[in-house]
Amino acid sequence: MNSLVAVENIQVLTAATAVLQGDGSGPFFQSGGTSFPSEHAAAAWSVAGVVAHEYPGPLMKIAAYGLASLVDYSRIRSRQHFPSDVFVGSIMGNLIAQNVYSRHHDPDLGGEAWTSISQMFRGEGNLTPSNMGSPYVPMDSWSIPHLIASRQWAT
């Protein structure tokens, strides 16, 4: 439901025509246009994201995301949407699934935690010496003479 509400609001604002509407160029802000983003893609990816994380086995992930990908392909192949409509709908669906799952998931019932892209880049909750940077350089390193030389040159 969350993805449908979000997509409907954006469709009303953008009013983009579909591939088979008008001259096929897909302009925005046309009366009656409901092509951008794809509602089917958003719904498929939001359901797939929640199911794949609630049942985290590899077979379930392949099935859930595979079916969502088939929905995307079918929307483009049947010329109901432009690829950009489907791509944006898929991204929206996945982000909405992440939000819904993260807010409502009970870790005591199983499933897996959903780590967001920003958490991966920031390394939240996963700080180890192997993924942290350090300015430390051992004194017997080959780079010490180069560091000293560059420091003298800069002064």
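Residues numbered from 1 in each chain as written. Predicted model: local features only at pLDDT ≥ 70, side-chain atom pairs only at ≥ 80, totals over all residues. Heavy atoms only, no water.

1. Focus: the overall build of the protein chain
Spelled out, the test is: The way it works is that DSSP assigns letters per residue, a run of H or I at least four long becomes a helix, a run of E at least two long becomes a strand, and they are numbered from the N terminus. Two residues qualify as a contact provided that any one of their heavy atoms is within 4.5 Å of a heavy atom in the partner residue. All accessible areas in this document rest on Shrake-Rupley with a 1.4 Å probe, and a residue is counted as covered only by the protein chains that are shown.
Helix and strand counts for the protein chain stand at 6 helices and 0 strands. Ordered by position from N to C terminus, the α and β elements of the protein chain give α-α-α-α-α-α. Considering only intrachain contacts with a sequence separation of at least 6, the fraction spanning at least 24 residues in the protein chain is 59%. Carbon and sulfur atoms make up 65% of the accessible area of the protein chain, which totals about 10600 Å².

2. Re the nonpolar core
Stated formally: Among buried residues, the Ala, Val, Leu, Ile, Met, Phe, Trp, Tyr and Cys ones that are joined through side-chain atoms within 4.5 Å form a nonpolar core. Exposed residues in this analysis have more than 50% of their type's maximum accessible area, buried residues have under 20%, and partly exposed residues fall in between, with area computed by a 1.4 Å probe over protein chains only.
In this structure, Ala-44, Trp-45, Ala-48, Ala-52, Ala-64 and Ala-68 together form the largest nonpolar core, which totals 6 residues. Among the secondary structure elements, those contributing two or more residues to this core are helix H2 (39-54) and helix H3 (58-77). No other element matches the 4 residues that H2 contributes to this core. The residues touching Ala-68, leaving out its near neighbours within four places in the chain, are Ala-44, Trp-45 and Ala-48.

3. Comments concerning H2
Threshold: A helix is expected to span 1.5 Å multiplied by its residue count minus one. For the purposes of these results, a polar contact is taken to be a pair of N or O atoms within 3.5 Å, where, inside protein, one atom must be able to donate a hydrogen and its partner to accept one; residues adjacent in sequence count only when each atom of the pair is a side-chain atom.
Here H2 is 16 residues long and its end C-alpha atoms lie 23 Å apart, about the 22 Å a rise of 1.5 Å per residue gives. The inward-facing, buried residues of H2 contact helix H1 (2-14), H3 and helix H4 (83-104). Between a side-chain oxygen at the N-terminus of H2 and the backbone nitrogen of Ala-41 the separation is 3.2 Å; the capping residue is Ser-38.

4. Observations regarding the packing of aromatic side chains
Describing an aromatic ring pair means giving the distance of the ring centres and the angle of the ring planes. Quick note on the threshold: The criterion for an aromatic pair is that two Phe, Tyr or Trp rings (for Trp, the six-membered ring) have centres within 6.5 Å, with stacked assigned to planes under 30 degrees apart, edge-to-face to planes over 60 apart and tilted to the rest.
Scanning the model with the defined rule gives 1 aromatic pair in all. Measuring from centroid to centroid gives 5.5 Å for Trp-45 and Tyr-65, while their planes differ by 25°, and the two rings are stacked. Within this pair, whereas Trp-45 is found in helix H2, its partner Tyr-65 is found in helix H3, the two being separated by 20 residues in sequence. Residue Tyr-65 is classed as partly exposed on the basis of its relative accessible area, which comes to 21%.

5. Digging into unusual backbone geometry
Although it is not a glycine, Arg-79 sits at a positive phi angle of roughly 60°. In this structure, Arg-79 sits in the loop between H3 and H4.

6. Considering H4
Taking 1.5 Å of rise per residue, the 22 residues of H4 would be expected to cover 32 Å, and the 31 Å separating its terminal C-alpha atoms lies within 8% of that figure. Within the sequence span of H4, burial applies to Asp-85, Val-86, Gly-89, Ser-90, Met-92, Gly-93, Ile-96, Ala-97, Gln-98 and Tyr-101. Of the surrounding elements, those touching the buried residues of H4 are H1, H2 and H3.

7. With respect to the packing of H3 against H4
Helices that pack against each other are described as a pair by the angle of their axes relative to one another and the distance between those axes. Which entries qualify depends on this criterion: All axes here are fitted lines through C-alpha atoms, helices being fitted over the stretch that makes contact, and every angle between N-to-C directions spans 0 to 180 degrees. Each angle gets one of four labels, with under 35 degrees taken as roughly parallel, over 145 as roughly antiparallel, 65 to 115 as roughly perpendicular, and the rest as oblique. Each helix crossing is assigned a hand: it is left-handed if the near helix lies turned anticlockwise from the far helix by less than a right angle, otherwise right-handed if that turn is clockwise. Nonpolar residues are Ala, Val, Leu, Ile, Met, Phe, Trp, Tyr, Cys and Pro. Charged residues are Asp, Glu, Lys and Arg, and all others, Gly as well, are polar.
It is at 9 Å that the axes of H3 and H4 come closest, and there the two elements cross at 155°. In terms of axis orientation, H3 runs roughly antiparallel to H4. In this structure, H3 crosses over H4, and the sense of that crossing is right-handed. Contact residues: Asp-72, Arg-75 and Ile-76 in H3; Pro-83, Val-86 and Ser-90 in H4. Partitioned by chemical class, the residues of the contact of H3 with H4 number 3 nonpolar, 1 polar and 2 charged.

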